[in-house]
Each structure stands twice: as C-alpha cells, then as structure tokens.
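Spelled out from the first residue to the last, the chains are:
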Amino acid sequence: MAGLKLKNLNKIYPNGFHAVHDMNLDIEDNEFVVFVGPSGCGKSTALRMIAGLEEISSGELYIGDRLVNDVSPKDRDIAMVFQNYALYPHMTNYENMAFGLKLRNVPKDEIDKSVKYAAEILGLENLLDRKPKELSGGQRQRIALGRAIVRDPRVFLMDEPLSNLDAKLRVQTRAEISKLHHKLKTTFVYVTHDQTEAMTMGTRIVVLRDGYVMQVDTPTNLYEHPENMFVAGFIGSPQMNFIEGELNQEEGQLFFSFKGGKVAVQEEKAAQLKSLEEPVKKVVMGTRPEHLEVDTIPSEEQETPVENKALVEVTELLGSETYLFLKIMEDQTIVARVDPSIKVSVNDHVIIKPRQDKMHFFHPETEQSLLT
C-alpha cells in the first residue's frame with residue numbers, strides 16, 4: 001500500500017482558468033482523506049490529477065516514493081470509482097468486475113478468486129450472474145466498488161460515488177465504504193460536496209474553496225476549531241451563526257456587543273483576544289445552533305425591553321430536536337437547535353445566550369479566526 005504526496009500542485013486550463021492553486025498535502029498510508037467543498041472548488045480536478053486523468057500544470061505528485069507526473073493512469077496502481085458507476089451494460093456483474101484483470105492478462109483462476117473475494121466482502125455473491133440493469137442503484141455502486149477491489153490497488157480514488165443514490169441508500173452505502181476501508185487497510189481519497197459524508201467517513205478532511213485549500217484537519221478539529229469563516233460555515237448543519245459586533249471592556253470584563261444585546265467573553269478567550277499583535281474592536285462572533293441557549297419569556301412579559309431578545313419567526317420540529325429561526329436584528333436571522341421540551345410559538349420573544357466556551361471570533365475583513 002502507499003501514501004500520497006502533493007507538492008505545489010496546480011491545474012491551469014488553456015483558457016487561463018486556474019482550477020487548483022499550489023495544493024500541498026501529505027496523505028499517509030491507510031488514511032481515509034476526504035476532499036470536500038462546494039461545486040467548482042477544484043476537488044474533483046485534484047482527484048483526477050492524482051488519477052492521471054488530468055494533466056498536472058505544475059508541481060509534483062508522488063504515490064509512495066515514486067514521482068508519477070508523467071506516469072499513465074493504468075501504471076499508477078490506483079483504482080477509481082465514479083459517481084455514475086461506469087458499468088458495461090452488456091456484461092454480467094461478474095464480467096464487469098473481472099474486466100480490468102482480463103485486460104492485464106491475469107490467469108483465469110486468479111481472476112475468479114479475486115472476484116469472489118470482492119463479492120464476499122460486499123455481499124454480492126448472488127448477483128454475479130445478473131446484468132447491471134437488473135440491479136438497484138446501491139447494488140450497482142457496490143459492483144463498481146468490487147471492480148476496484150479486485151485490482152488490489154495501492155490507492156482507492158472515489159469521485160462522489162453516492163451522489164446518485166437516495167437518502168436511505170446513501171447512509172447504508174456510506175457505512176459499507178467505511179467498513180471496506182477498515183477491512184482492506186488501503187489508502188482512500190474520497191471527493192464529496194456533502195459535509196455529512198466528509199465528517200462521518202474521513203480520518204482527515206481537506207476543505208477547498210475556489211481551488212485553494214482552506215483547512216486540513218480531523219473532523220473534530222474542523223468542527224471545533226475552524227481556521228476561518230468559510231470552514232466554520234461549511235462544516236456543520238445547520239451552519240454556524242455569524243453575528244457582527246464589537247469587543248468592549250467593562251470593569252475588567254470583555255464583552256461582545258451587538259445590536260440588541262451583549263455577551264461576556266470567556267476569560268481564556270478574552271486573554272487571547274487581548275494579546276493579539278493587532279488589537280481589533282469590530283469582530284464577527286460565531287456560534288453553532290446547538291450552542292445557542294434559549295430561555296422563554298412569560299407571556300405577560302413578552303413586550304418588556306430586555307437584552308439579547310429575539311423574535312421566533314419559524315419553528316421546525318424534527319422529532320429529537322427543534323430548530324428555531326430567530327430574528328435578532330432587522331436584517332438578520334439566526335438558528336438555534338433546542339430540545340423539543342422548550343415550547344415556543346411563532347411571534348414569541350425569547351432570550352438567547354451563546355455558550356461562552358463555544359464562541360468563535362473572526363476578523364471581519366480577512367475572515368480568519370482570531371483564536372488559536
């Protein structure tokens with residue numbers, strides 16, 4: 001098996017479009033690394049450069065210790081799984097899985113052994129004699145995975161393999177791919193626009209935006225310590241709330257003040273903000289929906305002026321949790337994820353309290369985190 005090394009990798013198309021900018025990444029052997037980002041961010045282009053399906057404009061790509069910039073795709077010892085399955089409709093599923101090995105003139109008994117091994121791992125033993133049109137979308141994707149497994153590659157590349165499946169099948173197949181990674185102990189590089197897939201499958205996640213790497217980290221660190229507003233807003237659903245305001249000190253205590261309220265800043269975070277080389281006053285505070293505490297206001301006190309007051313615009317009951325869409329300023333709505341036991345109705349007023357230990361602060365111009 002093998003790791004990957006991407007050194008200053010760039011992709012510039014003939015029309016001048018710069019799809020991937022100076023991508024630097026070390027992927028260890030047996031890692032499951034996920035490239036995630038919105039459409040057009042360069043994630044599939046980067047994967048296709050690793051596969052050899054896109055020419056590298058500049059930079060170096062290593063698979064193991066081997067520089068592979070000029071190595072053809074078939075000689076890179078990788079296997080790729082596409083989102084549209086790419087199965088031959090006239091062949092049986094067995095023939096589809098065996099096809100790549102036949103092209104390499106692998107002996108027939110070895111092919112049979114490899115196909116049956118892959119079929120057993122994926123639970124496909126009873127489907128090998130059928131053709132792809134007789135299978136569901138999830139079964140076809142497993143055949144495509146099986147075709148990759150039989151090649152015993154050093155690296156698996158997967159380009160949005162679940163995007164054509166319905167929600168239930170996506171969850172099931174996601175779990176199957178994770179189990180497959182643990183069984184095969186091979187390096188996986190996986191592309192998706194779905195941050196839930198990224199968070200549940202990856203040992204590390206590469207977040208991309210407009211061809212630039214915004215952050216590379218474990219799912220937990222990306223969620224708890226985003227380096228910028230893009231990562232903070234992209235990872236997590238519903239996304240992080242952002243509130244513009246100012247930092248003010250009162251009697252030795254640092255407060256975040258915004259139109260309609262203020263919140264004391266935790267002592268540890270306050271010390272970091274005070275020690276910045278370039279002190280800032282205007283900031284953007286970020287708080288995740290589940291870290292936004294909500295207190296109800298008795299009906300007889302609904303019109304009483306109070307700090308940190310918000311108007312309930314929409315409620316969404318999802319069974320185990322409720323989303324409250326809260327208007328805090330004339331032009332801003334934030335979301336709170338609360339326990340269904342909190343009973344509020346549309347047009348009620350509530351008091352919001354961001355958890356002090358979970359508040360994030362970003363520079364309003366650079367959008368970089370102000371906390372280490």
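Across its full length, the protein holds nine helices and 20 strands. By its C-alpha atoms, the protein is 80 × 45 × 35 Å across when sized along the principal axes. Pairs at least 24 residues apart make up 65% of the contacts formed inside the protein by residues separated by at least 6 positions. Carbon and sulfur atoms provide 47% of the accessible area of the protein, an area that totals close to 18500 Å². Counting 43 positive and 56 negative side-chain charges, the protein places the averaged centre of each group 8 Å from the other.

Turning our attention to the domain arrangement of the protein. Size of an interface, as often reported, equals the accessible area lost when the parts are brought together. Domain assignment breaks the protein into domain 1 (4-234) and domain 2 (241-362). The distance between the C-alpha centroids of domain 1 and domain 2 comes to 40 Å. Of the roughly 690 Å² buried between domain 1 and domain 2 on both sides combined, carbon and sulfur atoms contribute 61%. Looking at the side of domain 1 facing domain 2, the largest losses of area belong to Tyr223, Met229 and Ala232, adding up to 71% of the total buried there. At the junction of domain 1 with domain 2, the criterion picks out zero salt bridges. Taken together, domain 1 and domain 2 are joined by three residue pairs in polar contact (both at pLDDT 80 or more). Listing elements by their share of the side of domain 1 that touches domain 2, those giving two or more residues are α7 (219-224) and α8 (229-234).

One pass over the structure, following the stated rule, counts 14 salt bridges. Close ionic contact of lysine 282 with glutamate 246 constitutes a salt bridge, the shortest N to O distance being 3.2 Å. You can see lysine 282 sitting in strand β14 (residues 282-287) and its partner glutamate 246 sitting in strand β11 (residues 241-250), a full 36 residues away along the chain. Looking at glutamate 246, the relative accessible area reads 26%, which means it is partly exposed. Glutamate 290 is paired through a salt bridge with arginine 337; the nearest N and O atoms lie 3.5 Å apart. You can see glutamate 290 sitting in the loop between β14 and β15 (292-296) and its partner arginine 337 sitting in strand β18 (residues 332-338), a full 47 residues away along the chain. Relative accessible area serves as the criterion here: at 25%, glutamate 290 is assigned to the partly exposed category. Through salt bridges with shared partners, one network takes in Lys11, Arg48 and Glu54.

Pairing in this open sheet of five strands is antiparallel, and the strands run β13-β12-β11-β14-β20 from one edge to the other. If you trace the sheet from one side to the other, it starts and ends with β13 (261-264) and β20 (360-362), each paired once. On average, each strand axis in the sheet is inclined to that of its neighbour by 40°, with strand direction left out of account. Inspection of the sheet shows β11 paired to strand β12 (residues 253-258) by five bridges, in the antiparallel sense.

This next bit is on the nonpolar core. Judged by nonpolar contacts, the single largest core of 45 residues is most densely connected at Met97, Met158, Ile177, Leu180, Phe188, Tyr190 and Val207. If one sorts the elements of this core by residue count, helix α3 (residues 108-122) sits on top with six residues. Excluding its chain neighbours within four sequence positions, the residues that come into contact with phenylalanine 188 are Glu31, Phe32, Val33, Phe156, Met158, Ile177, Leu180 and His181. Formed by 30 residues, the second largest nonpolar core is a distinct cluster that contains Val33, Cys41, Leu47 and Ile50.

Examined against the element boundaries, isoleucine 56 turns out to sit in the loop between α1 (43-51) and β4 (58-63). Look at isoleucine 56 and you get buried, because its relative accessible area is 11%. Taking the C-alpha atoms as reference, isoleucine 56 lies 6.4 Å from asparagine 10; in sequence the two are 46 residues apart. With residues near it in sequence (within four places) discarded, isoleucine 56 still touches Leu9, Asn10, Met49, Leu61 and Asn69.

The next subject is the side chain of lysine 11. For lysine 11, the position within the fold is in strand β1 (residues 4-12). Within polar-contact distance, the side chain of lysine 11 engages the backbone oxygen of glutamate 55 at 3.0 Å. If near-sequence neighbours (up to four positions away) are discounted, lysine 11 is found in contact with Phe17, His18, Ala19, Val20, Thr45, Met49, Glu54, Glu55 and Ser57.

Before going further, it helps to examine the environment of aspartate 129. Mapped onto the secondary structure, aspartate 129 falls in the loop between α3 and α4 (137-149). Between the C-alpha atom of aspartate 129 and that of glutamate 95, which follows or precedes it by 34 residues, the distance is 8.7 Å.

Regarding helix α9 (residues 267-274), the residues found buried are Lys269, Ala270 and Leu273. Down the axis, α9 shows its buried residues gathered within 100° of arc, on one side only. Exposed and facing more than 90 degrees away from the buried side of α9 are Glu267 and Glu268. Summarising the contacts, the buried residues of α9 are in contact with β11, β12 and β20.

Rules behind the numbers
- Residues numbered from 1 in each chain as written.
- Predicted model: local features only at pLDDT ≥ 70, side-chain atom pairs only at ≥ 80, totals over all residues.
- Heavy atoms only, no water.
- Helix = DSSP H or I, 4+ residues; strand = E, 2+ residues; numbered from the N terminus.
- Contact = heavy atoms within 4.5 Å.
- Areas by Shrake-Rupley, 256 points an atom, 1.4 Å probe, with all protein chains shown as cover.
- Lys, Arg positive; Asp, Glu negative; His and termini not counted.
- Charge placed at Lys NZ, Arg CZ, Asp CG, Glu CD.
- Domains from an automatic or database assignment.
- Buried area = accessible area lost by both parts, 1.4 Å probe.
- Salt bridge = Lys/Arg side-chain N within 4 Å of Asp/Glu carboxyl O.
- Polar contact = N/O pair within 3.5 Å; in protein donor to acceptor, adjacent residues only side chain to side chain.
- Buried < 20%, exposed > 50% of the residue type's maximum accessible area, 1.4 Å probe, protein only.
- Pairing = 2+ DSSP bridges.
- Axes fitted to C-alpha atoms, helices over the stretch in contact; angles between N-to-C directions.
- Core = buried A, V, L, I, M, F, W, Y, C linked by side-chain atoms within 4.5 Å.
- Arc of directions from axis to C-beta.

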